[in-house]
Amino acid sequence: MNNNKSKPSLTPSLLERVGVRLASRKSWTLPYIIFSAIFVVIPLLLIVVYAFTDDNGHLTLENFVKFFQHHEAINTFVYSIGIAIITTVVCILLGYPAAWILSNSKLNRSKTLVVLFILPMWVNILVRTLATVALFDFFSVPLGEGALIFGMVYNFIPFMIYPIYNTLQKMDHSYIEAAQDLGANPVQVFFKAILPLSMPGVMSGIMMVFMPTISTFAIAELLTMNNIKLFGTTIQENINNSMWNYGAALSLIMLLLIAATSLFNTDDKDNSNEGGGLW
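Keep in mind that what you see is a predicted model, and the values were worked out from it rather than measured.

**A short note on helix α7 (residues 145-169)**
- Compared with an ideal rise of 1.5 Å per residue, which puts 25 residues at 36 Å, α7 spans 35 Å between its outermost C-alpha atoms and is within 8% of the ideal.
- Along α7, the sharpest kink reaches roughly 45°, centred on phenylalanine 156 and followed within four residues by the proline proline 158.

**Section: unusual backbone geometry**
- Positive phi is not limited to glycine here, since asparagine 226 has a value of about 65°.
- Its location among the elements puts asparagine 226 in the loop between α11 (218-223) and α12 (231-240).
- Since its relative accessible area comes to 42%, asparagine 226 is described here as partly exposed.
- Of note, the phi angle at serine 242 is positive, near 65°, even though the residue is not glycine.

**Points about the nonpolar core**
- With 36 residues, the main nonpolar core has Leu148, Ile164, Leu168 and Ile194 as its most contacted residues.
- Mapped by element, the contributors of at least two residues to this core are α4 (71-103), α5 (112-118), α6 (125-138), α7, α8 (174-181), α9 (186-197), α10 (199-215) and α11.
- When residues in this core are grouped by element, the largest group, 12 residues, is from α7.
- In contact with isoleucine 194, other than residues within four places in its own chain, are Tyr96, Trp100, Leu168, Met171, Ile176 and Val189.
- Within the second largest apolar cluster, 19 residues are counted, among which are Phe231, Tyr246, Ala248 and Leu252.

**Details of the packing of α6 against α7**
- Where α6 meets α7, the axes come as close as 10 Å, and the angle between the chain directions of the two elements is 140°. Comparing the axis directions of α6 and α7 gives the class oblique. Seen from above, α6 lies across α7 with right-handed handedness. Contacts between α6 and α7 involve Ile125, Arg128, Thr129, Thr132 and Phe136 from the former and Ala147, Phe150, Tyr154, Asn155 and Phe156 from the latter.
- Of the residues assigned to the contact of α6 with α7, the class counts are 6 nonpolar, 3 polar and 1 charged.

**Digging into the packing of aromatic side chains**
- Counted according to the given criterion, the structure contains 13 aromatic pairs.
- With centroids separated by 6.3 Å and ring planes inclined at 45°, the aromatic side chains of phenylalanine 156 and phenylalanine 159 adopt a geometry described as tilted. Of the two residues, phenylalanine 156 and phenylalanine 159 both sit in helix α7, 3 residues apart, roughly one turn of that helix.
- On the basis of relative accessibility, which here comes to 5%, the residue phenylalanine 156 falls in the buried class.
- Judged by centre distance (5.0 Å) and plane angle (85°), the ring pair of phenylalanine 190 and phenylalanine 191 falls under edge-to-face.
- Note on phenylalanine 191: relative accessible area 51%, which makes it exposed.
- Members of the aromatic cluster, connected to one another through ring pairs, are Phe67, Phe68, Phe77 and Phe231.

**What to know about the confidence of the model for the protein chain**
- In the predicted model, the protein chain carries a mean pLDDT of 81, and 82% of its residues have values of at least 70.
- Per-residue pLDDT stays below 50 along residues 266-279; that stretch engages in 20 contacts with residues further than four places along the chain or on separate chains.

**Structural notes on the pattern of salt bridges**
- For the structure shown, the criterion picks out 2 salt bridges.
- Through salt bridges with shared partners, one network takes in Glu72, Lys229 and Glu237.

**Here we look at the side chain of serine 251**
- Looking at where serine 251 falls in the secondary structure, it is placed in helix α13 (residues 244-262).
- Looking at serine 251, the relative accessible area reads 14%, which means it is buried.
- Beyond its immediate stretch of four places on either side in the chain, serine 251 contacts Ile47 and Ile235.

Rules and cut-offs
Residues numbered from 1 in each chain as written. Predicted model: local features only at pLDDT ≥ 70, side-chain atom pairs only at ≥ 80, totals over all residues. Heavy atoms only, no water. Helix = DSSP H or I, 4+ residues; strand = E, 2+ residues; numbered from the N terminus. Expected span 1.5 Å × (residues − 1). Bend = angle between axes of the 7 residues up to and from the residue. Buried < 20%, exposed > 50% of the residue type's maximum accessible area, 1.4 Å probe, protein only. Core = buried A, V, L, I, M, F, W, Y, C linked by side-chain atoms within 4.5 Å. Contact = heavy atoms within 4.5 Å. Axes fitted to C-alpha atoms, helices over the stretch in contact; angles between N-to-C directions. Parallel < 35°, antiparallel > 145°, perpendicular 65-115°, else oblique. Left-handed = near helix turned anticlockwise from the far one by under 90°. Nonpolar A, V, L, I, M, F, W, Y, C, P; charged D, E, K, R; others polar. Phe/Tyr/Trp six-rings, centres within 6.5 Å; stacked < 30°, edge-to-face > 60°. pLDDT = per-residue confidence, 0-100. Salt bridge = Lys/Arg side-chain N within 4 Å of Asp/Glu carboxyl O.

Put into structure tokens, the structure is as follows:
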């Protein structure tokens, strides 16, 4: 008698089950794809379409020509970049020491202090701005450019502190100990080891502060009584006045600037590999 033993094989039911599982895992990404398509891809495509068309739907570059011929719009654009740079620099100067204190266990022994720095991020930006206006009114401080920069720093400095703090928390302290063993003083340790290793957090903070500062308009309107216009305010006014094509062109210019600034954000691994050396 020949006892032919059949080789073990996958039954169709098991294959079907595996297929269902794989299909279900792929389906997990479907809501994110739909969300991105509706709220990211389609709006960006509409901005591009409106920017390169006129009121009749014909292709044109007149919207961009109008911007470069409109000196007030160019001045507002340059002024907005200046305000964004000043805000970013002030946030770095104030945020880096704060992040260092929060990440240093010798200086900060309570996690409550970290929460107090992050807490403003939980409050709506308009509420924080209105609170700043009320504070300035209480102390009879005039609203203007100084109040604008103060409000920008106050609203966006948590976005500078947290990335730097997160990077400092994850830093390999053996580099610092090695620098100290090689005879480096505290200043050399900071500039040769700590600062280069923390650059990924600094770059992330710059991106998180610089980009929204250029496009914001509510803070400028509230803290300057609408006497100082930023580029975001110009875009808003054109959209509100039904000048969709010109407003879309201005939005596209701002998006291109933001995309250009993102090129300065280097890869975290490269920064980590480059940092930590004493020479």
